Amino acid sequence: MNSFTFLFDLPVYQADRTPQRVAGAMWRQGIKEEISSAQFVILVEGIATELLKRGVKKGDRVILLTDRYSTKWLATDMAIMATGAISCPLHHPVKKSELDIILSRIEPVVIIYTAAVDLSEVFDVVKIPLDELTAINEPIGDEDKRRLKVIREEMHPDDIATIVHTSGSSGEPRAVCQSHHNVVSNVMSVLSIVPFTPGTRVMSFLPLSHIFERIVCYVYIACG
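My aim in this report is to walk through the structure given alongside it, one point at a time. Note that the coordinates shown come from a computational prediction; the quantities given were computed from them, not determined experimentally.

## So, the packing of helix H2 (residues 37–53) against helix H3 (residues 71–82)
At step 1: It is at 8 Å that the axes of H2 and H3 come closest, and there the two elements cross at 50°. In this view, H2 runs oblique relative to H3, as classed from their interaxial angle. Viewed along their axes, H2 and H3 form a crossing whose handedness is right-handed. Of the residues in H3, those touching H2 at Phe40, Leu43, Val44, Ile47, Ala48 and Leu51 are Thr71, Lys72, Leu74, Ala75, Thr76, Met78, Ala79, Ile80 and Ala82.
At step 2: Class assignment of the residues belonging to the contact of H2 with H3 gives a composition of 12 nonpolar, two polar and one charged.

See the structure below:
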């Protein structure tokens, strides 16, 4: 892939253009988890296929609400968008009153969460643990690949990629819709000024639920 139009194009873009043996890594409690460019593509495609099997479709809103972040979180974010659905990350922790407003406003079909997140009072929404969804590590079949390709061909850069929410520090959280074109244009702008080259090591510690950190990570991938 010589270029990227949609945010979920980025893993394949990196794997084709500047493949890395270690494309991403996470350190937690002395354990290091690494993932290559090729493995990252497999993970994104596998998660997207699993979401499609669970009924997620274009235009659906999928909430990501986790108390920790990783390359698996980033893969899930991209997989949601690869189905044509809209990725809706929320900052953890979120007050129940604010969560109720957000759920009523965007009407998600799925909430992807980690064990530390209490969703016991959330009903009528499919809830999927992040660890369960990202346990996939086998390449998908040709039929599933074709299905993802068809979805991509039917999408437009002005389709909404993500809905982000303001902090709510001055009132209730406000929902902001961002298209693929919106975010890709930001990525392209940053690429023109950052000094990164393939293989450069970078470290992030901002939460991936923040749109700034997501854009930075998209830039990392695009740079190789």
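## What to know about the environment of Trp73
At step 1: Mapping Trp73 onto the fold places it in helix H3.
At step 2: Under the relative-accessibility criterion, Trp73 is labelled buried at 1%.
At step 3: Separated by 136 residues in the primary sequence, Trp73 and Ser209 have C-alpha atoms spaced 9.3 Å apart.
At step 4: Those residues in contact with Trp73, other than ones at most four positions away along the chain, are Leu64, Thr66, Arg68, Pro89, Leu208, Ser209 and Arg214.

The rules behind these values
- Residues numbered from 1 in each chain as written.
- Predicted model: local features only at pLDDT ≥ 70, side-chain atom pairs only at ≥ 80, totals over all residues.
- Heavy atoms only, no water.
- Axes fitted to C-alpha atoms, helices over the stretch in contact; angles between N-to-C directions.
- Helix = DSSP H or I, 4+ residues; strand = E, 2+ residues; numbered from the N terminus.
- Parallel < 35°, antiparallel > 145°, perpendicular 65-115°, else oblique.
- Left-handed = near helix turned anticlockwise from the far one by under 90°.
- Contact = heavy atoms within 4.5 Å.
- Nonpolar A, V, L, I, M, F, W, Y, C, P; charged D, E, K, R; others polar.
- Buried < 20%, exposed > 50% of the residue type's maximum accessible area, 1.4 Å probe, protein only.

Geometry only, nothing functional implied.
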